[in-house]
Structure formats: C-alpha cells, structure tokens
Amino acid sequence: MRSTFRFLPALRSTFSSEFAPSTRAALVLSAQSRAHSNLIQFQQGCTSGSIFSKRTSPTTSISRSRASHLCSITSTASLLSTLVSAQVQADTSKQQQRQQQQQQAQRRTMSASGDPQEIDATLEPLGFQQLFDDDSSTYTYLIWDPSTKDAILIDPVDIQADRDVQAIQAIPSLNLKYGINTHAHADHITGTGILKTKLPGLQSIISKASGAKADVHVEHGDTIQFGTRHIAVRATPGHTGGCVSFVTDDRRMVFTGDALLIQGCGRTDFQGGSASTLYDSVHTQLLNALPLQTLVYPAHDYKARTSSTIEAERTTNPRLTKTKDEFVEIMANLKLSYPKKIDVAVPANMRCGVPDVEE
C-alpha cells in the first residue's frame, strides 16, 4: 500500500518554484506514469480481493470499506497529477509570454540603436520637399517637423540659394535651423555660406572627419534635433573620408550623399576615397542596418530617378551586390574623368561655401 503513495512527494515537488517548467514537466510525466501503474494495480487488487493478506482473514487485515477508501484516494491522486500537469502547461505559457516580451523589448532597443527594424509608423511623417539643380544633378532636401515647423536643409547648392529661400518662405511659419552637408562636394559649391547671409540664425553642419569649417561638427552616432524630431548621423566614408548619411527618426528615409546612389555609388579615387572602406560602410551602416522599406535619397542622380529603397539597392545594385574583392576591382577600373569643378568646389566647401577673401 505504501508504494501506492510514493509518487505523491514527486507531485508536490512540481509545485516548487525552484524547478523550471521543463523540469516540472519531467517530474509530472514520471509521477503520472507511476500513479497510473499503481492505480491500475490497486484497483485490480480491490476488485479481486488480492490486496487482503493471504495469511489472515479480511477482517483482521483490512476492512473492505477501508479498501474502497484507498481506491478513492488513488483516484484523487491521479486527479492531482492531472491538475499539476495543467499547472506545468500554465507555467510554460507564462515563460513563453516572458520570452516574447523580452524579444519585443530587445527589438525596441535595437530599433532605438538603429539596427534593422520596421519603420516607426507611430511617428507622423516629416514634412519633405526634394529640390534639384540641373547643372550638377544635385538633390537638395528640405525637411521639417510638421508640429513645430522647425526645418533642416540637406546638401544645398550655392547657385540655388534664392530658390531655397523661396521654398522655405512658401511654407507658413517654417523656421530653417540648419544647413547640412553630407560631405565636402567636388562637383558644386555648397549653398550654406550664402544662405547664412539670407537667413539670420541659420547654422551650418558638416562632419568633423571632413576637416571642413562649419558652425557645428558631427560624428557617427550624433543626432541633429529640429523641433521634436531628429536625424541620426551615420559615418559612411569611402567616397571621401568625411562622408556621412542621415537617417530620419522614423527610419522612413535615409539621405546618403554620394556614398550610396541609385543603382550605384560615389567614386573613390580622390579626397581620401577608398573602395574597400566604402563597401564596408555602406553595407554595415545602410544596406544591412535599415528597414528594407526605407527610402534612399542620394545627393545626385543623372537619369531623372528621384529615390530608391534599401531593399532595391541591397538586392539589385550592380556594384554593391558583388563581393568586396569584385567591388574593389570594379572601382579601380572605372576610368572616370577628372571632376570639372573640383579645384574650385573643394576649397570653397572646406570653407563652408564662403568665398576666399584673398581671391
């Protein structure tokens, strides 16, 4: 009869919080197996009377009412086993919920640090206007916080300064805080110097690694705040040593300068360029680090294309889908002509587009 109850301590132990759900499950399976076996044996004994002592009469060994009571106890023990099994299932469910919550928290953390995640649809889309300079095929981007009307201007061109001012003034209450350059361009002079004379309070921004003058220098990991919104700075050197890209806080857009172009990339044969560095930076900071749906807005396009996506460039860019060695070889054999404006544009851009007073 004692063997009938040997499984009870094991059943009780499954309630102990010190056991993980997997351990509890193993205990329950063991207890249930022993309970089932003992229950069958005991019930058979109750029915046949073999549970009574063969050496004594039933009245001196155990009464039949007592035997019936013991059968009831074993049935209760079996029920207890079932209840414990249900408890284990509940514990397992709770553990799965905790794991899901941890994964969601991890995704939120990764999202905040800029790792591949979905676009943040909880944020209102930023105000956006794309402008184009035909002479240098340069895109300039006007972006603003729709709630505060604070704005930034990315990659302005000197000869388009009046156009940019008109675009800003056409939007009621828009306040341009920063004129920003993705790098020191070689094909045009930045418009930040001229715009600062037309829009009091405007500050210029460029990367510290560029070596160019500006009111504010930024580095990888910095954010540029305008109103309640911001863009994140990502170092993407390779076209030049000081190239950066800007990712909007909702990850809907990335402004890549000359590092990543539509179905191409910037050249790497001057201004401290490096094909190997460009390949690494574009892949680690853009193609493999942003949502596939993120819109790519480059500083130039020569075929009237206005934007691309991370997914399109990651899967179909004819240069950047190659291996690193193949990419380096392609870039080394482009045989591009010397930029026409480089001797004028680069020195001017190192001064934030301000004319050299000695000239």
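Keep in mind that what you see is a predicted model, and the values were worked out from it rather than measured. (Residues numbered from 1 in each chain as written. Predicted model: local features only at pLDDT ≥ 70, side-chain atom pairs only at ≥ 80, totals over all residues. Heavy atoms only, no water.)

(A) Molecular detail of the pairing of strand β1 (residues 127-133). Inspection of the sheet shows β1 paired to strand β2 (residues 138-144) by seven bridges, in the antiparallel sense. Bridged to Gly127 within β2 is Trp144. (Pairing = 2+ DSSP bridges. Helix = DSSP H or I, 4+ residues; strand = E, 2+ residues; numbered from the N terminus.)

(B) Quick look at empty space enclosed by the protein. If you walk through the whole model with that rule in mind, you get one cavity of 30 Å³ or more. What lines the largest cavity is simply Asn181, Thr192, Ser204, Ile205, Ile206, Lys213, Ala214, Asn349 and Cys352. Tallying contributions element by element places strand β5 (residues 203-207) first for the lining of the largest cavity, with three residues. When grouped by side-chain class, the residues that make up the lining of the largest cavity number four nonpolar, four polar and one charged. (1 Å grid on protein atoms, 1.4 Å probe; cavity = no way out; pocket = protein on both sides within 12 Å on 5 of 7 lines; lining within 4 Å. Points joined across faces, edges and corners; volume = space filled by probe spheres on them. Nonpolar A, V, L, I, M, F, W, Y, C, P; charged D, E, K, R; others polar.)

(C) Structural context of the packing of aromatic side chains. Summed over the entire model, instances satisfying the criterion amount to nine aromatic pairs. For the ring pair Phe128 and Tyr297, a centre distance of 4.8 Å and an interplane angle of 40° mean the geometry is tilted. Of this pair, Phe128 sits in strand β1 while Tyr297 sits in strand β13 (residues 295-298), and the two are 169 residues apart along the sequence. Owing to a relative accessible area of 29%, Phe128 belongs among the partly exposed residues under this scheme. Among the aromatic residues, ring-to-ring pairing joins Phe128, Phe132, Tyr139, Tyr141, Phe255 and Tyr297 into one connected group. (Phe/Tyr/Trp six-rings, centres within 6.5 Å; stacked < 30°, edge-to-face > 60°. Buried < 20%, exposed > 50% of the residue type's maximum accessible area, 1.4 Å probe, protein only.)

(D) Highlighting the nonpolar core. Counting residues in each nonpolar core, the largest one holds 19 residues, and the members touching the most others are Ile143, Ile152, Ile154, Ile180, Ile224, Phe246 and Phe255. Listed by contribution, the elements that provide at least two residues to this core are β2, β3 (150-154), β4 (175-180), β7 (223-226), β8 (229-235), β9 (244-248) and β10 (253-257). Sort the elements by how many residues they give to this core and β2 lands first, with three residues. With residues up to four places along the chain from it excluded, the contact list for Ile224 reads Tyr178, Ile180, Ile205, Val218, Arg229, His230, Ile231, Val233 and Phe246. One finds Val247, Leu290, Ile310 and Leu320 within the second-largest nonpolar core, a separate group that totals 17 residues. (Core = buried A, V, L, I, M, F, W, Y, C linked by side-chain atoms within 4.5 Å. Contact = heavy atoms within 4.5 Å.)

(E) Structural view of the environment of Thr268. With respect to the helices, strands and loops of the structure, Thr268 is situated in the loop between β12 (264-265) and α7 (275-287). Measuring from C-alpha to C-alpha, the distance between Thr268 and Gly238 comes to 6.2 Å, with 30 residues separating the pair along the chain.

(F) Region of the structure containing the layout of surface pockets. In this model, the largest pocket occupies a volume close to 760 Å³. Taken together, 27 residues form the lining of the largest pocket, with Asp187, Arg267, His300, Tyr302 and Leu336 sitting closest to its centre. Counted by class, the lining of the largest pocket contains nine nonpolar, eight polar and 10 charged residues.

(G) Structural context of the environment of Asp343. With respect to the element layout, Asp343 can be found in helix α10 (residues 342-350). Through-space distance from the C-alpha of Asp343 to that of Ala186 is 7.9 Å; in sequence the pair is 157 residues apart. Here the side chain of Asp343 touches Tyr338 through a polar contact of 3.1 Å, side chain to side chain. (Polar contact = N/O pair within 3.5 Å; in protein donor to acceptor, adjacent residues only side chain to side chain.)

(H) Structural context of the packing of α7 against helix α9 (residues 324-332). Two elements in contact, α7 and α9, have axes whose closest approach is 9 Å; the angle formed by their N-to-C orientations is 130°. By the angle class used here, α7 and α9 are oblique. Considering only the axes of α7 and α9, their crossing is right-handed. The residues of α9 that touch α7, namely those facing Ala275, Ser276, Leu278, Tyr279 and Asp280, are Lys324, Phe327, Val328 and Met331. In terms of residue class, the contact of α7 with α9 is made up of six nonpolar, one polar and two charged. (Axes fitted to C-alpha atoms, helices over the stretch in contact; angles between N-to-C directions. Parallel < 35°, antiparallel > 145°, perpendicular 65-115°, else oblique. Left-handed = near helix turned anticlockwise from the far one by under 90°.)

(I) Molecular detail of the side chain of Arg267. Take Arg267: it is sitting in the loop between β12 and α7. Take Arg267: its relative accessible area is 15%, and that puts it in the buried class. There is a polar contact of 2.8 Å between the side chain of Arg267 and the backbone oxygen of Ser337.

(J) Representation of the pairing of β7 in the model. Side chains Ile224 and Phe226 of β7 all project onto a buried face; the interleaved residues Thr223 and Gln225 project onto a face where none is buried. Both β7 and β8 contribute to a ladder of four bridges, which runs antiparallel. Residue pairing for β8: Thr223 is matched across the bridge by Ala232.

(K) How the structure looks around the pattern of salt bridges. The final tally for this structure, using the stated rule, is 10 salt bridges. Among the ionic pairs, Lys341 bridges to Asp135, the shortest N-O distance being 2.5 Å. With Lys341 in the loop between α9 and α10 and Asp135 in the loop between β1 and β2, this residue pair connects regions lying 206 residues apart in the sequence. Assessed through its relative accessible area of 38%, Lys341 is described here as partly exposed. In this structure Asp135 comes out as exposed when scored by relative accessible area, which is 52%. (Salt bridge = Lys/Arg side-chain N within 4 Å of Asp/Glu carboxyl O.)

(L) Broad picture of the sheet that holds β8. One open sheet accounts for six strands, arranged β7-β8-β9-β10-β13-β14; its pairing is mixed. Strands at the two margins of the open sheet, each flanked by one partner only, are β7 and β14 (308-309). Relative to β14, β13 runs antiparallel, the two sharing two bridges. Paired with Val296 across the two strands is Ser308, which belongs to β14. Against the sheet, α7 makes contact with β8, β9 and β10, and its axis sits at roughly 155° relative to β8, the strand it touches most.

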